[in-house]
Amino acid sequence: MVDDNLAAVLNGLSVAIFVVDCDQIIRFRNSAAVSLFGSWTQGTKLPSLVPNKRCIRAIENVLDGDKRASVSVKLQLVVPTAFRMTAQRLNPEAPFEDAQVVVSFEDVSHILEAEQMRSDFVANVSHELRSPLTTLVGFIETLQGHARNDREATTRFLALMAQEAERMARLIDDLLSLSKLQTVERYAPTLPVSPMPVVARVVAALEPILEQERVRVDLHEAAPLPDILGNADELTQVFRNIIENAAKYSRADSVVTVTGALDEADPQMVRITVTDQGDGIAPEHITRLTERFYRIDKGRSRDKGGTGLGLAIVKHILMRHRGRLQIDSAEGEGSRFSVLLPIMAEPA
Ligand code: ADP
């Protein structure tokens, strides 16, 4: 039914393929079919291996003369898995009793997951843009209405409107950064960058925010660090987001410590650590902080002008740099955000 050469080709495919006869008895299955649906013995019918009514009906329709049938099904394997099943006659000219139908199962779970993520993201972005917009529209209506001649209210409302407009602008900047990063993520940066001067420039630029939050930053470099291969603008964004978070989510009159050293466990990496004296983060939140729009306390993030995208941007930049972010924290004990970046290899 399937010669050795064809079998070898089919065994090399990741799609599960069966060939069944007119009684839906399995005459051939490739390696992917065995690993997904388990092995079979001589005479096993496909419906006993895949007891799904829609699949069975699709194969029957092809046996009854349809050229091809295709259905989307969710099958309960080790975990529920979404498949696109397609059935097609191999020998449409042959009589029914000699019929051969090729049945393929393509795992489409990742496509559905990507689609779900995309639609969740669009819903989140719309919501995040709509809320400052709603506030702005509310203030405009008030200023056009009963507060029209109230100078004091006008000044106060205009300041709040400026804040909301800035938040919208920041959100759009962050969204553009994320989308730009996704297009270049595969390509590692190629220019040498000395990381600690980047950190020092970020701390200097954050001075007004540090002052406002009443937080002091202590900067320590264990010894001059080797260069890394990086993009200075992107690394600036990484350290700005992390140090700004440390200041925003810390206590007033506390100290944020930033240290740079070679990583003890892997001296091929530099480790830049930002430690704050804030409230700390419970374990269930830690693994989710780099998800887009994930915040522990939405109100607090909003009050601090956050977009909920800062750590997602950090994660993507570090992926492009072949580095990683490590978060250590315990509730009530402050947090430590460590950026690990591979050092530039010495020329051979
Ligand atoms: P945001 O714009 O809300 O700050 P981020 O992506 O930068 O978004 O951070 C996500 C969330 O992680 C924040 O809303 C906050 O709840 C939490 N977070 C980040 N840094 C810290 C920190 N140093 N201490 C406590 N919580 C933090």
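In this text the structure is predicted, and so the values were computed from the model without any measurement. (Residues numbered from 1 in each chain as written. Predicted model: local features only at pLDDT ≥ 70, side-chain atom pairs only at ≥ 80, totals over all residues. Heavy atoms only, no water.)

## What to know about a positive patch on the surface
Moving on, step 1. A cluster of like positive charges, contributed by Lys53, Arg54, Arg57, Arg68 and Arg84, occupies part of the molecular surface.
Moving on, step 2. Within the secondary structure, Arg84 is located in strand β4 (residues 80-89).
Moving on, step 3. With a relative accessible area of 31%, Arg84 lands in the partly exposed category. (Patch = residues over 30% accessible without salt bridge, like charges linked within 9 Å, V, L, I, M, F, W, Y side chains within 5 Å. Areas by Shrake-Rupley, 256 points an atom, 1.4 Å probe, with all protein chains shown as cover. Salt bridge = Lys/Arg side-chain N within 4 Å of Asp/Glu carboxyl O. Lys, Arg positive; Asp, Glu negative; His and termini not counted. Charge placed at Lys NZ, Arg CZ, Asp CG, Glu CD. Helix = DSSP H or I, 4+ residues; strand = E, 2+ residues; numbered from the N terminus. Buried < 20%, exposed > 50% of the residue type's maximum accessible area, 1.4 Å probe, protein only.)

## Describing the packing of aromatic side chains
Working definition: an aromatic ring pair is given by the centre-to-centre distance plus the angle between the planes.
Moving on, step 1. Scanning the model with the defined rule gives seven aromatic pairs in all.
Moving on, step 2. Taking 5.8 Å as the distance between ring centres and 55° as the angle between the ring planes, the aromatic pair formed by Phe18 and Phe37 counts as tilted. Taken as a pair, Phe18 in strand β1 (residues 16-20) and Phe37 in helix α2 (residues 31-37) lie far apart in primary sequence, 19 residues in all.
Moving on, step 3. Judged by relative accessible area, which is 1%, Phe18 ranks as buried.
Moving on, step 4. Residues Phe83 and Phe105 carry aromatic rings whose centres are separated by 6.0 Å and whose planes lie at 85° to one another, so their mutual orientation is edge-to-face. (Phe/Tyr/Trp six-rings, centres within 6.5 Å; stacked < 30°, edge-to-face > 60°.)

## Description of the sheet that holds β4
Moving on, step 1. Taken in spatial order, the five strands make up an open sheet running β2-β1-β5-β4-β3, and their pairing is antiparallel. Only two strands of the sheet have a single partner each, and these edge strands are β2 (26-29) and β3 (68-76). Across the sheet, the axes of successive neighbouring strands diverge by a mean angle of 25°, strand direction being ignored.
Moving on, step 2. Bridging between β3 and β4 involves nine bridges; their strand directions are antiparallel. Its bridge partner being in β4, Lys74 is matched across the sheet by Ala82. (Pairing = 2+ DSSP bridges. Axes fitted to C-alpha atoms, helices over the stretch in contact; angles between N-to-C directions.)

## Notes on helix α6 (residues 151-184)
Moving on, step 1. Under the 1.5 Å per step criterion, the end-to-end length of α6 is 50 Å for 34 residues, consistent within 8% with the ideal 50 Å.
Moving on, step 2. Restricting attention to buried positions, one finds in α6 the residues Ala153, Phe157, Met161, Glu164, Arg167, Met168, Leu171, Asp174, Leu175, Ser177, Leu178 and Leu181.
Moving on, step 3. Those residues of α6 that are buried are in contact with α5 (109-144), α9 (232-248), α11 (298-303) and α12 (310-320).
Moving on, step 4. The opening residue of α6 is Asp150, an N-cap whose side-chain oxygen sits 3.2 Å from the backbone nitrogen of Glu152. (Expected span 1.5 Å × (residues − 1). Contact = heavy atoms within 4.5 Å. Polar contact = N/O pair within 3.5 Å; in protein donor to acceptor, adjacent residues only side chain to side chain.)

## Considerations on the confidence of the model for the protein chain
Low pLDDT marks stretches whose predicted atomic positions should not be read closely.
Moving on, step 1. Across the protein chain, the average pLDDT comes to 94, with 99% of residues at or above 70.
Moving on, step 2. Here α11 stands out as the least confident element of the protein chain, with mean pLDDT 88; strand β12 (residues 335-342) is the most confident, with 98. (pLDDT = per-residue confidence, 0-100.)

## Focus on the sheet that holds β12
Moving on, step 1. Strands sit in the order β7-β9-β10-β12-β11 across an open sheet of five strands; the sheet is mixed. Both edges of this open sheet fall to β7 (215-221) and β11 (324-329), since each of them pairs with a single strand only. Averaged over all neighbouring strand pairs, the angle between strand axes comes to 15°, with direction disregarded.
Moving on, step 2. Here β7 pairs with strand β9 (residues 254-262) via seven bridges, running parallel.

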